[in-house]
Amino acid sequence: MSITDAQSRLLDRFITHLAGNAAPTREMFLAFGSKSRLESLMVPLQSAYPFWAPELREALRVRNAERWQKERYGVEPRVPGSKPLLSVPIEQIPKSWHHAIKEMEAARAQVDRGIVTLDDRIPPSAKVIANLKFTARQLVFAAIEADCKPALDMVCVGAFLSASKGRGTKPITRCSRLKELMVLACWLDEDDHADILDAMRRKKNQLARLAQRQRKHKEEWLIQNPTEILDCWMLSEELLQEAVSMPSGSIARLDLTLDALAIGLAVNIPLRIGDLHRFQIGVHLTRSFERDTWTVDLRTAKKGSDYVAELWPELTPFLDAVVLAGRSEESLATRLQEVNGQYLFAKYGQKMGAGWVSTAWRRHIGTGEHIVRTLWHEEALDDADTWMALVLCGQDGGGETARHYQVKQQKRQAGRRAKSLMRAARGRRRS
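As the structure is a prediction and not an experimental result, all values here were calculated from the model.

Participant: Hey, could you run me through the overall build of the protein chain in this one?
Facilitator: Assigned secondary structure in the protein chain consists of 19 helices and five strands. Buried residues in the protein chain amount to 40% of all 431 residues. Pairs at least 24 residues apart make up 64% of the contacts formed inside the protein chain by residues separated by at least 6 positions. Carbon and sulfur atoms provide 52% of the accessible area of the protein chain, an area that totals close to 24,000 Å².

Participant: So what exactly am I meant to see when it comes to the sheet that holds strand 2 (residues 293–299) here?
Facilitator: Strand-to-strand pairing in sheets goes through backbone hydrogen bonds, with the strands running parallel or antiparallel. Pairing in this open sheet of three strands is antiparallel, and the strands run 1-2-3 from one edge to the other. Strand pairing shows two members of the sheet lacking a second neighbour, strand 1 (285–288) and strand 3 (306–310), which therefore form its edges. The average angle at which neighbouring strand axes cross in this sheet is 15 degrees, direction not considered. Pairing geometry for strand 2 and strand 3, over five bridges, is antiparallel. Bridging from a neighbouring strand, Val-296 pairs with Ala-309 of strand 3.

Participant: Would you explain the pairing of strand 2 in this entry?
Facilitator: In summary, the side chains of a regular strand alternate between the two faces of the sheet. As paired strands, strand 1 and strand 2 are joined by four bridges and run antiparallel to one another. Opposite Thr-286, over in strand 2, you have Thr-295 as the bridge partner. Turn length for the strand 2-strand 3 hairpin, with the two strands adjacent in sequence and antiparallel, is six residues, and the turn residue Gly-304 shows positive phi of about 70 degrees.

Participant: What exactly am I supposed to notice about unusual backbone geometry here?
Facilitator: Comment: phi is negative for the bulk of residues other than glycine, and the bulk of peptide bonds are trans. In this structure, Asp-292 takes a positive phi of about 55 degrees despite not being glycine. Of note, Asp-292 is situated in the loop between strand 1 and strand 2. Look at Ala-325: it is not a glycine, yet its phi comes out positive at around 50 degrees. With respect to the helices and strands, Ala-325 occurs in the loop between helix 14 (316–324) and helix 15 (332–338).

Participant: Help me out: how do you make sense of the pattern of salt bridges in this one?
Facilitator: Applying the stated criterion to the full structure yields 15 salt bridges. The salt bridge partner of Arg-363 is Asp-259, with a shortest N-O separation of 3.0 Å. Separated by 104 residues along the polypeptide, Arg-363 in helix 16 (residues 356–364) and Asp-259 in helix 12 (residues 251–268) bring together distant segments of the chain. Taking the relative accessible area as the measure of exposure, Arg-363 reaches 46% and is therefore partly exposed. Residue class for Asp-259 comes out buried when judged on its relative accessible area of 6%. Here Arg-335 makes a salt bridge to Glu-338, at a shortest N to O gap of 3.0 Å. Of this pair, Arg-335 and Glu-338 both sit in helix 15, three residues apart, roughly one helical turn. Taken together, the shared-partner salt bridges in this structure form one network comprising Glu-58, Arg-335 and Glu-338.

Participant: Honestly, the nonpolar core in this entry has me stumped. Any pointers?
Facilitator: It is characteristic of soluble globular proteins that their nonpolar side chains tend to be buried jointly. With 52 residues, the main nonpolar core has Leu-265, Phe-279, Leu-311, Leu-344, Phe-345 and Trp-361 as its most contacted residues. The element best represented in this core is helix 12, accounting for 10 residues. Non-local contacts of Phe-279, meaning those with residues more than four positions away in its chain, are made with Leu-265, Ile-269, Leu-271, His-284, Leu-285, Val-296, Leu-298, Gln-342, Tyr-343 and Leu-344. Residues Phe-160, Leu-161, Met-182 and Leu-207 belong to the second largest nonpolar core, which totals 31 residues.

Participant: I would appreciate a short explanation of helix 14 in the present structure.
Facilitator: Residues three or four positions apart in an α-helix share a direction because the helix packs 3.6 residues into each turn. With seven of nine residues buried, helix 14 lies mostly within the body of the structure. Listed as buried for helix 14 are Thr-316, Phe-318, Leu-319, Asp-320, Val-322, Val-323 and Leu-324. In this fold, the buried residues of helix 14 make contact with helix 11 (229–244), helix 12, strand 1, strand 2 and helix 15.

Participant: Quick question: what am I supposed to make of the environment of Lys-35 here?
Facilitator: Inspection of the secondary structure assignment puts Lys-35 in helix 3 (residues 35–48). For the pair Lys-35 and Val-62, spaced 27 residues apart in sequence, the C-alpha separation works out to 8.9 Å. Of the polar contacts made by the side chain of Lys-35, one reaches the side chain of Glu-39; its length is 2.7 Å.

Rules of the game
Residues numbered from 1 in each chain as written. Predicted model: local features only at pLDDT ≥ 70, side-chain atom pairs only at ≥ 80, totals over all residues. Heavy atoms only, no water. Helix = DSSP H or I, 4+ residues; strand = E, 2+ residues; numbered from the N terminus. Buried < 20%, exposed > 50% of the residue type's maximum accessible area, 1.4 Å probe, protein only. Contact = heavy atoms within 4.5 Å. Areas by Shrake-Rupley, 256 points an atom, 1.4 Å probe, with all protein chains shown as cover. Pairing = 2+ DSSP bridges. Axes fitted to C-alpha atoms, helices over the stretch in contact; angles between N-to-C directions. Salt bridge = Lys/Arg side-chain N within 4 Å of Asp/Glu carboxyl O. Core = buried A, V, L, I, M, F, W, Y, C linked by side-chain atoms within 4.5 Å. Polar contact = N/O pair within 3.5 Å; in protein donor to acceptor, adjacent residues only side chain to side chain.

Structure, rendered in structure tokens:
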């Protein structure tokens, strides 16, 4: 990598700044100058001293955080009371709905803390409650637009579904929204809302049947791009090898290492991106030096269920590489202490967005990360395999998704059994 005279002079000034220290620390880089000066130093440093680059990136993380704080204070806040798009503020939903949602949140908080309650109702997960709140806000907005008094009845629900359909939402999405409204109706008072519950249940089933006749986007993609789970794993290994071959401390090496982990980790534990992107080192992911493996312990966002698993030993080099970020393997124990609590998928200490994992999959596989969940179910040959896929995907708690894949597997088995019987019958006829 060629460097300019100006970059060379900047590197010389930094060497002088070190005052004889063997290796610079993050604090030494911070003392050297501003964000722009450290960014200018990165190119000559990677060329001459690539093993110092990880500490420079840590210093840049601090400078970026400082810049973000300054810019944040300069951003004008949203005007209080301004109308959100296609929904009303939470304060405008009926008081009884607001009270029921508060009860759900309180019950969920108690369950999460392990407190036994006298309420026989099981609160939905925090993710479902958050979705329900937004759905309630949209329902009220749709009712007002249709000149209806906001209420949990089929007139307002019908207006909400029509508006949602007009925006091009899929039947499966409208089905999910109805399930959330049914949860709200049950918490308000199941007996008082028996009629609306029955009506919403019939509509939900109708939408579910319509959704079953429509292939999901990822299933359409799979038909056009035949892919197996092994293909994804092998690609992740190739990406990691390519990353390791790059200069230590380079940004390209960091990017490829993160991409390799995004694919390899999802193959091992095919959770939704809403769970994968929030992994924190030392919180949800812990390393055992005795077993040379990592363990994941997380409460899933959508279902609120515990997901605990020891990761494959083959995944250990991926996770170690991200933690080390170009440093020597001897510093792993120290690095684990330094990054404790930090997000796994991050650059310069800044957490990647919720959709970043799927972006990495699209970059190398051609479609989003959730395809890996379908691929595991496609691998299933019998009931045991189907159960394995459900456990891997965090779907073993039952529900419609689990039943869908179980019925699908039973149909496959019935088809194979029918073919076997036909072959046997033809064999007897010919003999």
